[in-house]
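Summary of structural features
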Amino acid sequence: MNKNIVILLLIFIIPLFSYFMLSQNNKGNISIAEANCPKLIKFTSDMCSECKRVEPVVNSVMTKYQDNIQYIVIPVQVRNKYNVDMMKKYNITLVPTIVILDKNNKVMHRIEGYVAPNTLDNYLRNISK
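From a predicted model like this one, the values you see are computed outputs, not experimental measurements.

1. Regarding the packing of helix 2 (residues 49-65) against helix 4 (residues 117-127)
In contact at an axis separation of 10 Å, helix 2 and helix 4 are set at 30° when each is read in the N-to-C sense. In the packing of helix 2 onto helix 4, the handedness of the crossing is right-handed. From helix 2, V57, V58, V61, M62, K64 and Y65 reach across to helix 4, where they touch P117, L120, D121, L124 and R125. Its residues assigned to classes, the contact of helix 2 with helix 4 comprises eight nonpolar, no polar and three charged.

Here is the structure:
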């Protein structure tokens, strides 16, 4: 009987603890208006297989532009005010979604799903000029 109670508690406590820890670790808590430079905002989820496929593409291409383009990651599974506001602002309905802004915060490109490295590189090269 005692063993069953412990197992049930673990079933409920571990997911709650995990959610709490994930919600505290938000990489995207950067104000979009702060930097006067182009931005790449990636909306992603840890549970999304397509997001995992896009991540190395974005990371490899962004190494060329890291000094010129601000890179912001919004984990959509973390439902804090900032992330929810950003998802509403950019009308995010699926992940992965990449939003590329110019230095005036105007949306220049929106990519939903996978993007080829050369396509992303072309978008970023044009926006970083």
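2. Some thoughts on the packing of aromatic side chains
By the definition in use, this model includes one aromatic pair. It is R53 that lies over the ring of Y114; its NZ or CZ is 3.9 Å from the centre.

3. Digging into unusual backbone geometry
Following V95, the chain continues to P96 via a peptide bond in cis, the omega torsion being 0°. Its place among the elements puts P96 in the loop between helix 3 (81-89) and strand 3 (97-101). At N91, a position not held by glycine, the phi torsion is positive, near 50°. Tracing the sequence through the fold places N91 in the loop between helix 3 and strand 3.

4. Describing the nonpolar core
Grouped together as the largest cluster of nonpolar side chains are 15 residues, with contacts concentrated most on L40, V58, I69, I98, I100, L120 and L124. Elements supplying a minimum of two residues to this core: helix 2, strand 3 and helix 4. Considering every element that reaches this core, the biggest residue donor is helix 2, with six residues. In contact with I100, not counting residues within four places along its chain, are K39, L40, K106, V107, M108, H109, I111, L120, Y123, L124 and I127.

5. Focus on the pattern of salt bridges
A full pass over the atoms with the stated rule returns five salt bridges. The shortest N-O distance in the salt bridge between R53 and E50 comes to 3.3 Å. Placement of the pair is R53 and E50 together in helix 2, with a separation of three residues, close to one helical turn. The class for E50 is partly exposed, based on a relative accessible area of 26%. Among the ionic pairs, K81 bridges to D85, the shortest N-O distance being 2.8 Å. Pair noted here: K81 and D85 are both in helix 3, with a separation of four residues, about one helical turn.

6. Comments concerning the sheet that holds strand 2 (residues 70-75)
The strands making up a sheet associate through backbone hydrogen bonding, with each pair oriented either parallel or antiparallel. One open sheet holds the four strands; their spatial order is 2-1-3-4, and the pairing between them is mixed. Lying at the two open borders of the sheet, with one neighbouring strand each, are strand 2 and strand 4 (107-112). Neighbouring strand axes in the sheet, compared pairwise and without regard to direction, differ in orientation by 15° on average. One ladder, built from five bridges, connects strand 1 (residues 39-44) with strand 3; its direction is antiparallel. Bridge assignment links L40 to a residue of strand 3, and that residue is I100.

Conventions used here
Residues numbered from 1 in each chain as written. Predicted model: local features only at pLDDT ≥ 70, side-chain atom pairs only at ≥ 80, totals over all residues. Heavy atoms only, no water. Axes fitted to C-alpha atoms, helices over the stretch in contact; angles between N-to-C directions. Helix = DSSP H or I, 4+ residues; strand = E, 2+ residues; numbered from the N terminus. Left-handed = near helix turned anticlockwise from the far one by under 90°. Contact = heavy atoms within 4.5 Å. Nonpolar A, V, L, I, M, F, W, Y, C, P; charged D, E, K, R; others polar. Phe/Tyr/Trp six-rings, centres within 6.5 Å; stacked < 30°, edge-to-face > 60°. Lys NZ or Arg CZ within 6 Å of the ring centre and 35° of its normal. Core = buried A, V, L, I, M, F, W, Y, C linked by side-chain atoms within 4.5 Å. Buried < 20%, exposed > 50% of the residue type's maximum accessible area, 1.4 Å probe, protein only. Salt bridge = Lys/Arg side-chain N within 4 Å of Asp/Glu carboxyl O. Pairing = 2+ DSSP bridges.

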